[in-house]
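Notes for the structure review
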Amino acid sequence: MEFVCQYDVREILGQGSFSEVKRCIDKRTRQAFAVKEIAYDTAKRRDKIEQEIKIRHELNHRNVLKLYHHYRAFDKYYLVMELACGGDLFEDLVTRNAFSESTAREVMLQLFNAVHYIHGHRIVHRNIRPETLILSWRSAENNNHFPPLKLSGFRLAKKLPEHSDLINCPVKGSPLYLAPEIVTKQPIGREVDIWACAVIFYILLASYPPFWSTNRGELFGIIARGKYNLPDQQWKSISDGAKKLIKNMFMVDRNDRITATDLVEDVWTQNGKLSITNRKGTLEHLNAFNAKRKLRGAVYTIFAMKRMMDNPESAESNAVK
Ligand SMILES: Nc1ncnc2c1ncn2[C@@H]1O[C@H](COP(=O)(O)OP(=O)(O)OP(=O)(O)O)[C@@H](O)[C@H]1O
Ligand SMILES: [Mg+2]
């Protein structure tokens with residue numbers, strides 16, 4: 001049956017680089033969902049969307065945004081997904097009055113669980129960044145309890161072949177979150193997701209990124225060396241457990257990097273009694289980082305759309321923020 005026969009479409013929830021996401025209601029059950037409408041105009045693009053759909057249908061976990069159904073019309077796909085109205089992780093954090101290492105643990109535990117689950121399915125996400133972590137609802141709507149976090153954005157995801165834990169991939173993804181083996185163009189595996197989680201973890205605690213340059217080549221050089229600092233001002237009040245975890249996630253040699261299994265079992269991840277001291281400075285800086293990120297995102301989306309209109313074949317390779 002066609003999508004339009006089965007669902008009533010409501011308001012727009014968000015705009016992606018190649019898609020529009022709307023709220024929709026199942027006409028029969030009256031249950032609300034989100035539908036992502038993705039246009040395609042070439043066979044290559046259609047195959048890529050099919051690949052994403054195949055991967056997503058395999059996944060069923062409380063911290064992974066669920067894809068329920070998909071429909072193909074002559075020029076677009078409709079992806080019916082679970083509704084997650086809390087915005088992305090950083091959008092939510094900056095609206096909170098308080099943020100502590102204990103809250104960071106709640107966030108990271110959910111992310112580690114999601115990554116552990118997809119890695120168990122031999123799936124490498126390749127694009128973990130704050131924009132792909134969306135929340136079911138806003139913390140403020142629930143007495144500041146941290147909402148369920150859902151890993152989304154599976155456009156670059158790859159399934160590892162049975163015979164190998166490594167694949168060759170072009171350099172794609174948001175530069176800030178790329179692992180050394182990506183920027184040095186080596187084969188990659190699940191370890192790239194651990195590195196991206198480490199970047200998010202670091203930003204959560206410090207409120208600025210660990211590796212930074214406005215010049216892409218320079219940034220890649222810094223990432224390849226994997227050198228980062230933990231200045232006292234932000235880090236002296238952070239537990240040794242968190243610092244040790246970050247160190248084990250930021251191993252330049254991917255063979256030395258901690259795995260998702262070890263992350264979910266780590267003492268820090270399992271420690272429910274971390275400091276609840278409010279990190280007011282972190283929230284203020286995070287607000288500034290978030291504002292810049294939003295601006296960058298808006299500019300990239302416009303560029304991606306323009307490229308898509310000018311040259312649909314090449315647009316895909318440059319679109320990721
Ligand atoms: N399940 C959902 N529930 C509510 N809002 C959603 C949902 N999925 C996406 N959105 C909103 O739509 C916006 C665009 O979605 P998304 O980023 O997934 O699309 P995209 O950019 O085309 O895909 P991708 O990021 O995987 O390349 C998001 O920023 C978010 O605001
Ligand atoms: Mg997007």
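As recorded in an unreviewed UniProt entry, the chain goes by Calcium/calmodulin-dependent protein kinase type II alpha chain and comes from Acropora cervicornis.

**A look at the site of ligand 1**
Around ligand 1, the structure places 18 residues, and the nearest of them are Gly14, Gly16, Ser19, Val21 and Ala34. Among the secondary structure elements, those contributing two or more residues to the shell around ligand 1 are β1 (7-15) and β2 (19-26). Ranked by residues supplied to the shell around ligand 1, first place goes to β1 with three residues.

**A short note on helix α6 (residues 191-206)**
The first and last C-alpha atoms of α6 sit 23 Å apart over 16 residues, in line with the 22 Å expected at 1.5 Å per residue. Of all 16 residues making up α6, 16 are buried, and the element is well covered by its neighbours.

**Some thoughts on helix α9 (residues 240-249)**
Listed in full, the buried residues belonging to α9 are Ala242, Leu245, Ile246 and Met249. Buried positions in α9, seen along its axis, are confined to an arc of 100° and lie on one side of it. On its buried face, α9 sits against α4 (101-120), α6 and α11 (267-270).

**Considerations on the UniProt feature "binding site: ATP" (unreviewed entry) in the chain**
According to UniProt, the feature "binding site: ATP" (unreviewed entry) maps to Lys36 in the numbering used here. Mapped onto the fold, Lys36 is located in strand β3 (residues 32-39). Taking the C-beta count within 10 Å as the criterion, Lys36 has 21 such neighbours and is therefore assigned buried. Among residues more than four places away in sequence, those in contact with Lys36 are Ser19, Val21, Leu79 and Met81.

Rules of the game
Residues numbered from 1 in each chain as written. Chains lettered and ligands numbered in written order. Predicted model: local features only at pLDDT ≥ 70, side-chain atom pairs only at ≥ 80, totals over all residues. Near = placed C-beta within 6 Å. Helix = DSSP H or I, 4+ residues; strand = E, 2+ residues; numbered from the N terminus. Expected span 1.5 Å × (residues − 1). Buried ≥ 20, exposed ≤ 12 C-beta atoms within 10 Å, placed from the backbone. Arc of directions from axis to C-beta. Contact = placed C-beta atoms within 7 Å. UniProt positions renumbered as here; feature names shortened; annotations may be inferred.

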